[in-house]
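Residues per chain, in single letters:
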Amino acid sequence: MAYEKKKPVDLDCPLRLTMSLIESKWKSCILDELRDGKPLRPSEIHKRLPEAAPRVLDIQLKELIEDGLVEKTIYPELPPRSEYVISPLGLSLIPIIDQMLKWGEDHYDIFVKKYGKK
């Protein structure tokens, strides 16, 4: 079950509407991993985002499916296998994610000051 917001989303603000779909910490990262259209199994997504707790990724994947940004296919075999793929709606967010990536690269010094170098 997805987390239910205490306050409804402001339907009069396009920015808040967009942010309501990708505001969680890992959703943009999940979409970025799925951007090439190649289906990924849950374990592959977990390996690509090792800093994220598997439970959190699973919850956010479910929310992305509910919002129509990701599609899930379950194959009826033993053991059951599932795969995730970005939807056309999810692909429409990739230019926004690309701009976020570019901004982060362009302002890397801000993050070095804040968090230090690894």
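Let me sum up the structure you'll find in this document. Along each chain, numbering runs from 1 in the same order as the chain's sequence is written. Reporting of local features is limited, given that this is a predicted model, to residues whose pLDDT is at least 70; pairs of side-chain atoms are given and counted only at 80 or more, and all residues count toward the totals for whole chains, interfaces and linings. Only hydrogens and water are set aside; all other atoms, that is, all heavy atoms of the structure, feed into the side-chain values.

## So, a nonpolar patch on the surface
Put simply, the rule is: Here a patch means residues that are over 30% exposed by relative accessible area and free of salt bridges, tied together within 9 Å if like-charged and within 5 Å if nonpolar (Val, Leu, Ile, Met, Phe, Trp, Tyr). Accessible surface area values rest on a Shrake-Rupley calculation with a 1.4 Å probe, where residue burial reflects the displayed protein chains alone. Any Lys or Arg side-chain nitrogen located within 4 Å of an Asp or Glu carboxyl oxygen qualifies as a salt bridge. In this text, helices come from DSSP runs of H or I with a minimum length of four residues, and strands from runs of E with a minimum of two, each type numbered from the N-terminal end. Note on classification: 1.4 Å probe, protein chains only; a residue is buried when its accessible area is under 20% of the maximum for its type, exposed when over 50%, partly exposed between these limits.
The grouping of Trp-103, Ile-110, Phe-111 and Tyr-115 at the surface amounts to a nonpolar patch, some 440 Å² of accessible area in total. Broken down by element, the residue count for the nonpolar patch peaks at three residues, all from helix 7 (residues 108-115). With respect to the helices and strands, Trp-103 occurs in helix 6 (residues 94-106). Overall, Trp-103 belongs to the partly exposed group, its relative accessible area being 45%.

## Some details on the nonpolar core
Heads up, the condition is: To form a nonpolar core, buried Ala, Val, Leu, Ile, Met, Phe, Trp, Tyr and Cys residues must be joined to one another through side-chain atoms within 4.5 Å. By definition, residues are in contact when any of their heavy atoms lie within 4.5 Å.
Judged by nonpolar contacts, the single largest core of 19 residues is most densely connected at Ile-30, Leu-31, Leu-34, Ile-45 and Leu-57. Of all the secondary-structure elements, those providing two or more residues to this core are helix 2 (27-34), helix 4 (54-66), strand 2 (81-86) and helix 6. Other than its neighbours up to four places away in sequence, Leu-31 contacts Ile-22, Leu-64, Leu-69, Val-70, Ile-86, Leu-93, Ile-94 and Ile-97.

## Focus on the environment of Asp-58
Basically, it comes down to this: Distance and chemistry together define a polar contact, namely a pair of N or O atoms within 3.5 Å, with one atom able to donate a hydrogen and the other to accept it when in protein, and with adjacent residues in sequence counting only for side-chain atoms on both sides.
Topologically, Asp-58 is positioned in helix 4. When its relative accessible area of 30% is taken as the criterion, Asp-58 is described as partly exposed. Once the C-alpha coordinates of Asp-58 and His-46 are considered, the two residues, twelve residues apart in sequence, prove to be 9.0 Å apart. A distance of 3.1 Å separates a polar atom in the side chain of Asp-58 from a polar atom in the side chain of His-46.

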